[in-house]
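For reference, the chains in residue letters:
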Amino acid sequence: GEDVEQSLFLSVREGDSSVINCTYTDSSSTYLYWYKQEPGAGLQLLTYIFSNMDMKQDQRLTVLLNKKDKHLSLRIADTQTGDSAIYFCAERKAYQLIWGAGTKLIIKP
Amino acid sequence: DAGVIQSPRHEVTEMGQEVTLRCKPISGHNSLFWYRQTMMRGLELLIYFNNNVPIDDSGMPEDRFSAKMPNASFSTLKIQPSEPRDSAVYFCASSSGTSGSSYEQYFGPGTRLTVT
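This is a predicted model, so every value here is computed, not measured.

Caption draft 1: Expanded view of the overall build of chain A. When helices and strands are counted, chain A shows 0 helices and 11 strands. In chain A, the succession of α and β elements from N to C terminus is β-β-β-β-β-β-β-β-β-β-β. Compactness check: chain A gives a C-alpha radius of gyration of 13 Å against a globular reference of 13 Å for 109 residues, within 12% of the reference. Along the three orthogonal principal directions, the C-alpha set of chain A runs to about 40 × 25 × 20 Å. Contacts in chain A between residues far apart in sequence, at least 24 positions, make up 55% of those at least 6 positions apart. Entry remark: accessible area of chain A is about 5600 Å², with carbon and sulfur atoms responsible for 48%. Taken together, the 12 basic and 13 acidic charged side chains of chain A have centroids lying 1 Å from each other.

Caption draft 2: View of the sheet that holds strand β6 (residues 55-58) of chain A. Residues and elements named next belong to chain A. Read from one edge to the other, the open sheet built from 5 strands follows the order β1-β3-β8-β7-β6, with strand pairing classed as antiparallel. The strands lining the two open edges of the sheet, one partner per strand, are β1 (5-6) and β6. As paired elements, β1 and strand β3 (residues 18-23) share 2 bridges and run antiparallel to each other. Bridge pairing in β3 links Gln6 to Cys22.

Caption draft 3: The sheet that holds strand β1 (residues 5-7) of chain B, seen in detail. Residue and element names in this part refer to chain B. The strand order β1-β3-β8-β7 describes an open sheet built from 4 strands, whose pairing is antiparallel. On the outer flanks of this sheet lie β1 and β7 (65-71), each paired with one strand and no other. Each strand of the sheet is rotated relative to its neighbour by a mean of 15 degrees, with strand direction disregarded. As judged from the 5 bridges shared by β7 and strand β8 (residues 74-79), these two strands associate in the antiparallel manner.

Caption draft 4: Main features of unusual backbone geometry. All names here are of chain B. Cis rather than trans, the peptide bond between Ser7 and Pro8 has omega equal to -10 degrees. Position of Pro8 relative to the elements: it lies in the loop between β1 and β2 (10-13). Following Gln80, the chain continues to Pro81 via a peptide bond in cis, the omega torsion being -10 degrees. Phi angles above zero are rare outside glycine, and Asn51 is one such case at about 50 degrees. With respect to the helices and strands, the residue Asn51 is situated in the loop between β5 (42-50) and β6 (53-56).

Caption draft 5: Layout of the state of the cysteines. Using the criterion set out here, one finds 2 disulfides over all chains in the structure. The disulfide partner of Cys22 of chain A is Cys89 of chain A, and the S-S distance across this bridge is 1.9 Å. Every disulfide takes its handedness from the sign of the S-S torsion; for Cys22 of chain A and Cys89 of chain A that torsion is 65 degrees, giving right-handed. Here Cys89 of chain A lies in strand β9 (residues 85-93) and Cys22 of chain A lies in strand β3, a separation of 67 residues in the sequence. Comparing Cys22 of chain A with Cys89 of chain A, the two get one shared label, buried. The disulfide partner of Cys23 of chain B is Cys92 of chain B, and the S-S distance across this bridge is 1.9 Å. Residues Cys23 of chain B and Cys92 of chain B are joined through a disulfide that is left-handed, its torsion about the S-S bond being -65 degrees.

Caption draft 6: Spotlight on the interface of chain B and chain A. In this complex, chain B contributes 19 residues to the contact, which on the side of chain A involves 16 residues. At the junction of chain B and chain A, the tally comes to 4 residue pairs in polar contact (both at pLDDT 80 or more). Sorting the residues of the side of chain B that touches chain A by element identifies β4 (31-38), β5 and β10 (105-107) of chain B as the ones contributing at least two each.

Caption draft 7: Representation of the packing of aromatic side chains within the structure. Summed over the entire model, instances satisfying the criterion amount to 15 aromatic pairs over all chains. Summarising the aromatic geometry, the rings of Phe33 of chain B and Tyr48 of chain B are spaced 4.9 Å apart at their centres and angled 20 degrees between planes, so their arrangement reads as stacked. Residue Phe33 of chain B is found in strand β4, and its partner Tyr48 of chain B is found in strand β5; the two are separated by 15 residues along the sequence. Here the guanidinium or amino end of Lys56 of chain A rests over the ring plane of Tyr48 of chain A, the centre of that ring lying 4.2 Å away. Here the basic side chain of Arg92 of chain A rests over the ring of Tyr103 of chain B, its NZ or CZ set 3.6 Å away from the ring centre.

About the thresholds
- Residues numbered from 1 in each chain as written.
- Chains lettered and ligands numbered in written order.
- Predicted model: local features only at pLDDT ≥ 70, side-chain atom pairs only at ≥ 80, totals over all residues.
- Heavy atoms only, no water.
- Helix = DSSP H or I, 4+ residues; strand = E, 2+ residues; numbered from the N terminus.
- Rg over C-alpha atoms; globule rule 2.2 N^0.38 Å.
- Contact = heavy atoms within 4.5 Å.
- Areas by Shrake-Rupley, 256 points an atom, 1.4 Å probe, with all protein chains shown as cover.
- Lys, Arg positive; Asp, Glu negative; His and termini not counted.
- Charge placed at Lys NZ, Arg CZ, Asp CG, Glu CD.
- Pairing = 2+ DSSP bridges.
- Axes fitted to C-alpha atoms, helices over the stretch in contact; angles between N-to-C directions.
- Disulfide = S-S within 2.5 Å.
- Buried < 20%, exposed > 50% of the residue type's maximum accessible area, 1.4 Å probe, protein only.
- Polar contact = N/O pair within 3.5 Å; in protein donor to acceptor, adjacent residues only side chain to side chain.
- Phe/Tyr/Trp six-rings, centres within 6.5 Å; stacked < 30°, edge-to-face > 60°.
- Lys NZ or Arg CZ within 6 Å of the ring centre and 35° of its normal.

Honestly, it's all geometry; don't read function into it.
Pasting the structure below:
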């Protein structure tokens, strides 16, 4: 398909791990990205992964890439209330980024 | 670096009026993008500039929308005349599109436009 797909919502308890999933369209995409958008703010780049990598870790964030299945995931360890936001995945296609619709992460106390 | 700067942050205008949104990209970035975000349609790319030249404006909704980039540090998005359906958050983003870079885009805080 043409769309980058994400679930619209994910609800987790504070302190648990959050795993946000994304399927993308083009197995030849060189870069894949995760962005975070807090209410009333712009999109903030969280991390990106190059297609020759399977995993990238940055503090509480872990990105996993399965090129065969065109599946990307973002794991947030020890989820905090400040992680409440919409998370967008995107794939690079020529000069453009092709965006998912975003997953709203809801934190339960 | 101050990041991508957009102005105004909020704009309320009446239908039929001209609206001009402004963007200053990150210094040294050679690619600039204008996006529109709505609940219904999500994030839409309106236009892309590379080295101040419009490369792809296929996302511009109609002739009421126009964008310019007179130099590397300034771009405008103009809507004339504005309509209520133009109400949205408009984002500007910039990127260093040089060979070997990871092409990540950096977003401004957005302009929330309300057309009554």
